[in-house]
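# Structural overview
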Amino acid sequence: MDILASESDIVSIDSVTLFVALLCACIVIGHLLEENRWMNESITPLAIGLCTGIVILLTSGGKSSRLLEFNEELFFIYLLPPIIFNAGFQVKKKQFFQNFMTIMLFGALGTMISFGVISFGASQLFKRLDIGYLEITDYLAIGAIFSATDSVCTLQVLNQEETPLLHSLVFGEGVVNDAASVVLFNAIQRFDPSRISSGIALQFVGNFMSLFFTSTLLGVSVGLASAYIIKKLYFGRHSTDREVALMILMAYLSYMMAELFDLSGILTVFFCGIVMSHYTWHNVTESSRVTTKHAFATMSFIAEIFIFLYVGMDALDIEKWRFASKSLGTSIGISAMLLGLVLVARASFVFPLSFFSNITRKSKSEQTDFKQQVIIWWAGLMRGAVSMALAYSQFTRAGHTQQPGNAIMITSTITVVLFSTVVYGLITKALVRFLMPPLHLIPIVSSEPSSPKSTTLPLISNSRDSEADMGDHNVPRPTSLRMLLSTPTHTVHRYWRKFDDRFMRPVFGGRGFGPLVPGSSPER
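Below or above, wherever it landed, is the structure these notes cover. The residue count restarts for each chain, going from 1 along the sequence in the order it is written. Reporting in this predicted model follows two pLDDT cut-offs: at least 70 for local features of residues, and 80 or more for side-chain atom pairs to be given and counted; totals over whole chains, interfaces and linings ignore these cut-offs and use all residues. Heavy atoms from the whole structure form the basis of all side-chain values; hydrogens and water molecules are not counted.

Our next topic: the nonpolar core. Only buried Ala, Val, Leu, Ile, Met, Phe, Trp, Tyr and Cys residues count toward a nonpolar core, and they belong to the same one when joined by side-chain atoms within 4.5 Å. Each residue gets one of three labels from its accessible area relative to the maximum for its type: buried under 20%, exposed over 50%, partly exposed in between, using a 1.4 Å probe on protein chains only. Membership of the largest hydrophobic core comes to 121 residues, with the highest contact counts inside it found for Phe75, Phe126, Ile142 and Phe270. Going along the chain from the N terminus, every DSSP run of H or I of four or more residues is numbered as a helix, and every run of E of two or more is numbered as a strand. Here this core takes 14 residues from helix α8 (residues 164-189), the largest share from any one element. Working rule for contacts: check all heavy atoms of both residues, and any pair within 4.5 Å makes them a contact. Ignoring sequence-local partners within four residues, the contact set of Ile142 consists of Ile118, Ala122, Phe126, Leu134, Leu338, Phe395 and Met409. By size, the runner-up hydrophobic cluster in this structure holds 6 residues, among which are Ala227, Val275, Tyr279 and Met504.

Structure representation (structure tokens):
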């Protein structure tokens, strides 16, 4: 037994060593290709993963192409949290909340529309092909799996500095979309087809709204708790390591608490990141600010590369393709149908909901024109690791599958992920430059408190100057609900800033209210 155990450990060490070496190669090659207008950070590890999978497949005599077994828990517990947290930590908060209602329309209602279109389309089209027996819950699961956009790819193909409006809309929608897709998928696992009633849809919507607000409240609460603890205990007086460690651990704690209480960890850790960047980050020393900013970004970066590298290698898993190769035409047909359904499903909500959102916006500068809507539609077509993880959870057992129908669904999911990430990802950058030529960035003073990101805003920001720049005497007062919704910068944002400065920051800290400790520079 000891000999067997030691041999297993050696194989594991060899696999991890090679995987870490591949991660290093991805970083180096990605740096060399950074100036290439067609490449991005997601395509490079995918390509390296595919090449590595081919080499392993040949050297193992066609037995395996993977170094590590795919595990949904590894993805959801260890890899996804740092990516989503860093997104919330670095997001331009004013731009995000100014478009919050549109983001919620796309992320929640749009996901439901996409889910319905894909589920219905799959149930009708797959019956024309000999795919094997699939239950109604399988078709519903397919709708949830392919409704999940890839927010990681969005970070790579849309630049926050060049296109802040599009970035906040597409990525904000992606975060809510991922949460909604996971909630949908989990609800389907508990769904009993024999108990379908007219009230089940309303019950699901109520459960989703409850889950959204509860998850958001938990993330905000943990973020405020971290800000209060660090502000009151003055960790920076003795050790910057402690305050950095506490920030990292409490960020991860928010995600794990959400999973413990069966909430949406994605939403929880995202809003925890927003609150920490607004309060906690300003309560630590200057050296800790630099450390946390780069630590969170580095962990997110490594997790992103890890995910795409593994997806590239797993795409050549011989076990799944052995079943699918027996009906290659069916597998190709399923993949083509899924890609078509994704295109139609996204268009079915992006353009109608954009039209509705523009009606509620009084200013032309705050509305999304047709070119921007096309970019929003296209940038959300990519499918990634969330779809992969959900597909594995639905159609495999412990990473393996023995039924031909399930194997075809796994290989089709891999095909859709690879095709959408590579082809759509390559075209997105060129499409953005074609429809919206880049404008030069100019340094302006932002009214939003300084955050881990630069305060340089582009000309295409699609936002008005805030009341801090204009003076309170020129700010129009809301006279109706429509005005309140159509001019959030001058109403909701203004009242929130007053409430924040008067009540929140004196208690939880923040810009201008942080403790004066050795090593920190006073903020203006």
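With that settled, the discussion passes to the environment of Met104. Residue position: Met104 is located in helix α5 (residues 100-125). By relative accessible area, which is 13% here, Met104 ends up buried. Between the alpha carbons of Met104 and Glu173 there is a distance of 6.8 Å; along the sequence they are 69 residues apart.

A carboxyl oxygen of Asp or Glu within 4 Å of a side-chain nitrogen of Lys or Arg is what we treat as a salt bridge. For the coordinates displayed, the defined rule picks out 4 salt bridges. The salt bridge partner of Glu173 is Arg346, with a shortest N-O separation of 2.8 Å. With Glu173 in helix α8 and Arg346 in helix α14 (residues 328-359), this pair connects stretches of sequence that are 173 residues apart. Of the residues examined, Glu173 reaches a relative accessible area of 1% and is grouped as buried. Residue class for Arg346 comes out buried when judged on its relative accessible area of 2%. With a closest N to O distance of 3.0 Å, Arg505 and Asp500 form a salt bridge. Assessed through its relative accessible area of 5%, Arg505 is described here as buried. Via salt bridges that share partners, Asp500, Asp501 and Arg505 belong to a single interconnected network.

Turning next to the environment of His278. Tracing the backbone through its elements, the reader meets His278 in helix α11 (residues 265-278). Looking at His278, the relative accessible area reads 10%, which means it is buried. Two N or O atoms form a polar contact when they lie within 3.5 Å of each other; inside protein one atom must be a possible hydrogen donor and the other a possible acceptor, and for residues adjacent in sequence the pair counts only when both atoms belong to side chains. A distance of 2.8 Å separates polar atoms of two side chains, one belonging to His278 and the other to Asp500.

For Phe, Tyr and Trp, where Trp contributes only its six-membered ring, two rings pair if their centres lie within 6.5 Å, and the inter-plane angle classes them as stacked under 30 degrees, edge-to-face over 60, or tilted in between. This structure, assessed with the given rule, holds 19 aromatic pairs. Here the aromatic rings of Phe419 and Tyr424 are separated by 5.8 Å at their centres, their planes lie at 80°, and the arrangement is edge-to-face. Since its relative accessible area comes to 35%, Phe419 is described here as partly exposed. In this structure, Arg289 packs its charged tip against the face of Trp281, placed 5.8 Å from the ring centre. Only Lys NZ and Arg CZ are tested; either one counts as a charge over a ring when it is within 6 Å of the ring centre and within 35 degrees of the ring normal.

Our next topic: the side chain of Ser215. Within the secondary structure, Ser215 is located in helix α9 (residues 200-233). A distance of 3.0 Å separates a polar side-chain atom of Ser215 from the backbone nitrogen of Ser264.

With a phi angle near 60°, Asp262 is a residue other than glycine that sits in the positive phi range. Relative to the helices and strands, Asp262 is located in the loop between α10 (240-260) and α11.

Purely geometric stuff here, so don't read any function into it on its own.
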